[in-house]
Amino acid sequence: SKPEPAIFFILGGSGDLTYRKLIPALYNLFLDDWMPEQFHIIGIGRTAYSNEKYKAHLLEGIHKFSRRKNHIEHWNEFSEHIEYLKMDVEDDQAYQSISKIVQDKEKLFGAHPNVIFYLAVAPQLVPDIAKHLGQLNICADQKCCRIVVEKPFGHDLQSAHELNQLLQSMFDESQIYRIDHYLGKETVQNILAFRFANALFEPIWNRNYIDHIQITAAESVGLEGRNSYYEKAGALRDMVQNHILQLLCMIAMEAPVSFDANEIRNKKVDVLNAIRKIRKEEVQDYAVRGQYGPGWMKGQKVVGYRQEKGVNPESPVETFAAVKFYVDNWRWQGVPFYVRTGKYLHEKTTIIVLQFRPAPHYAFPPEAAETWRPNRLTISIQPNMDIRIRFQAKRPGQKMTLSPVDMVFNYEEAYEDHSPEAYETLLLDIMEGDATLFMRADQVEAAWRVITPILEAWQNRPPVDFPNYAPGTWGPEDAEALIARDGHNWITLP
Ligand code: BG6
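On a predicted model such as this, the values are computed, not experimentally measured, just so you know. (Residues numbered from 1 in each chain as written. Predicted model: local features only at pLDDT ≥ 70, side-chain atom pairs only at ≥ 80, totals over all residues. Heavy atoms only, no water.)

A. Looking closely at the sheet that holds strand β12 (residues 336-342). Pairing is mixed across the open sheet formed by 8 strands, whose spatial order is β8-β11-β12-β7-β13-β14-β15-β16. The open sheet terminates on both sides in strands that have one partner only, identified here as β8 (287-290) and β16 (402-410). Going across the sheet, the axis of each strand differs from the next one's by a mean of 15°, ignoring polarity. For strand β14 (residues 376-382) and strand β15 (residues 386-394), the ladder comprises 5 bridges, and the chain directions are antiparallel. Bridging from a neighbouring strand, I379 pairs with I387 of β15. On top of the sheet, helix α9 (residues 235-252) reaches β7 (210-218), β11 (320-326), β12, β13 (349-356) and β14; it is set at about 140° to β12, its chief contact. (Pairing = 2+ DSSP bridges. Helix = DSSP H or I, 4+ residues; strand = E, 2+ residues; numbered from the N terminus. Axes fitted to C-alpha atoms, helices over the stretch in contact; angles between N-to-C directions. Contact = heavy atoms within 4.5 Å.)

B. Structural detail: the UniProt feature "domain: Glucose-6-phosphate dehydrogenase C-terminal" (unreviewed entry) in the protein. With numbering aligned to this structure, UniProt lists the feature "domain: Glucose-6-phosphate dehydrogenase C-terminal" (unreviewed entry) at residues 192-490. Helix makes up 30% of residues 192-490 and strand 22%, and the two end C-alpha atoms of the span are 24 Å apart. (UniProt positions renumbered as here; feature names shortened; annotations may be inferred.)

C. Spatial organisation of the site of the ligand. Around the ligand, the surrounding shell consists of K151, H181, Y182, K185, E219, R226, D238, M239, H243, K343, K348 and Q382. In this structure, H243 approaches the ligand through a side-chain N or O atom, which is 2.7 Å from an oxygen atom. The contact in question runs from an oxygen atom of the ligand to an N or O atom on the side chain of Q382, over 2.7 Å. Residues that form the shell around the ligand fall into these classes: 2 nonpolar, 3 polar and 7 charged. (Near = heavy atom within 4 Å. Polar contact = N/O pair within 3.5 Å; in protein donor to acceptor, adjacent residues only side chain to side chain. Nonpolar A, V, L, I, M, F, W, Y, C, P; charged D, E, K, R; others polar.)

D. Inspection of helix α4 (residues 96-109) at higher detail. Between its first and last C-alpha atoms α4 spans 20 Å; for 14 residues at 1.5 Å apiece the expected length is 20 Å, and the two agree. On the buried face of α4, the contacting elements are β1 (6-11), β2 (39-45), β3 (82-86), β4 (114-119) and α5 (126-134). Looking at the residues trailing α4, positive phi occurs at G110, about 65°. (Expected span 1.5 Å × (residues − 1).)

E. Local environment of the nonpolar core. Ranked by internal contacts, the top residues of the largest apolar core, which has 154 residues, are F9, F117, L133 and L248. Considering every element that reaches this core, the biggest residue donor is α9, with 12 residues. Excluding residues within four positions of it along the chain, L133 makes contact with L11, Y95, I98, F117, L119, C139, I147 and F171. (Core = buried A, V, L, I, M, F, W, Y, C linked by side-chain atoms within 4.5 Å. Buried < 20%, exposed > 50% of the residue type's maximum accessible area, 1.4 Å probe, protein only.)

In C-alpha cells:
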C-alpha cells in the first residue's frame, strides 16, 4: 500500500543533491506509483526562484541525472506538488512559514500528514537548522515528524557525538534518519538476503573456511566540484567511516532474529565494536594513504590534487586509503579484512571478495597444480551487479587438468524489473517510517571510533611522499605492499 500523506521540506532545495538525486528519486517513485495519494514538496533555499523557474531547474536535473531521463510524460502532474520557498535558514522568524504551510496542507489533505525535513545542506548549517526545527510544534509529534541528515555526520568522534546529543535533545531517536546511501543500493541490501535467506553459505561463513576478505570501492572520478568539502574530509572520512564500514558490517554481522530496524542495527554495532583498535604506533602497519598527482584519465589530462582549485598546494589530505582490519570475535578471529578506496583510480568498481582457504589436500596430478586456485565468492555492488563463485572444474580433454571457472548470478539477466536507485529506496523508507537502512546514533559513533587512531596518526605525521599515485592506477604501491606482506594481492574483476 502507498505511504500516508506526506509533506517534504527539502532544506538545500536549490543545491546539488536535490537536483541530482532527491527530485529524480521522488519523481521515479511517483512514476512507479509509490508516492502517497497526497503529498507536497517544498524546496527551501537562499537562491531566488519563482516556482516556475524552480521546476524548470529540477526538470533539467531529471534530464541529466535520472535513471529514466526521458520519462517526463508525467512531470507536469508531479511538479504540481512542488513549490519553492526562499528562506534564510538562519532567520528565526522564517521558520513560522513552515508551520503555516503544514497547517494549510493539513486542511487541504483533510488528513494529518507525515512531515519530513530533509537537510541537504552544508554540514556546518545542520546544528542550527535542527535547533530551529526542533522548536516547532509539529516536531513534537514523534510519530509523524522526521528529520533526515546527510553525511558527513560530524568530522570526528567528538563532533559526531555533539551532533547526536543536539539532535536527540530536539527529537526522539526514532525521528532521526541518518543517511548512508550505500545501504539503499539493491546489491547491498541483497547481501542480507544472500546470507540469511539461504542455508548454503552461512555454515562456511567464518574463520574456519574464509582466508580473508577484501572490499574495494574504487572511483574513476575526481572531486566533482566538491573541492572545499573534500579538503576538509579526505578518503577515510568520506568513504571508509561510513560506506565501507557499513559494507563490512553487512558481511561480518551475525544473523538477525528479525528484520526489525533495531535488531539489524544492533548486530551491526556488535561488529563495529569488535573491530580491533589499531594502536597509534601500529598505524603504518595497518593503513596506507595516497594522494594523486597530475596525469591522464581516460585520455584526458587531469591536474594533481594539490593543483585543484581551493586546495592547499601542500595539502596532506588523502584521496586514497587502504586499511587492514580485524574483527575480534568468535566468527572472525584472525581473518583480515582489507579495504581500499580512492579517487581517480583505474575504474569505478565496488566489490567484496571472500577468499576461501585452499582445499585441505591436493590429490591431482602435478600438471594440474598450476591452475589450482582456492574458491572465491565475489559480490559486485556496482557498476556490475552480480555475485560469482569461483570453483575448480575439469578442463575437457583426456588429461586431468583443472581450471577455475565462475558461476555467475547477474541481476540484470535474472530479473526484468529495474533496480531502483538507492535514494528511491531510502526516501520511500522514510515516508514509511522504516529506519532499518539508516544509521543509529551509536552506530555512527562506533564507526568514528574505529577510524580515530588512523585519523590521529595521519594528522600528527604529515605525509612525506605525496603525491604518490598517478590517476588511472590502483593507487600507491604501499597499498599493494600492505596486502602482499600477508601473501595476498588485491583482486579486481577481469
Ligand atoms: C559519497 C562521497 O558519499 O559517495 C563521494 O562523498 C563519493 O565522494 C560517493 O563519490 C560515491 O557514491 P557512489 O554511489 O557513486 O559509489
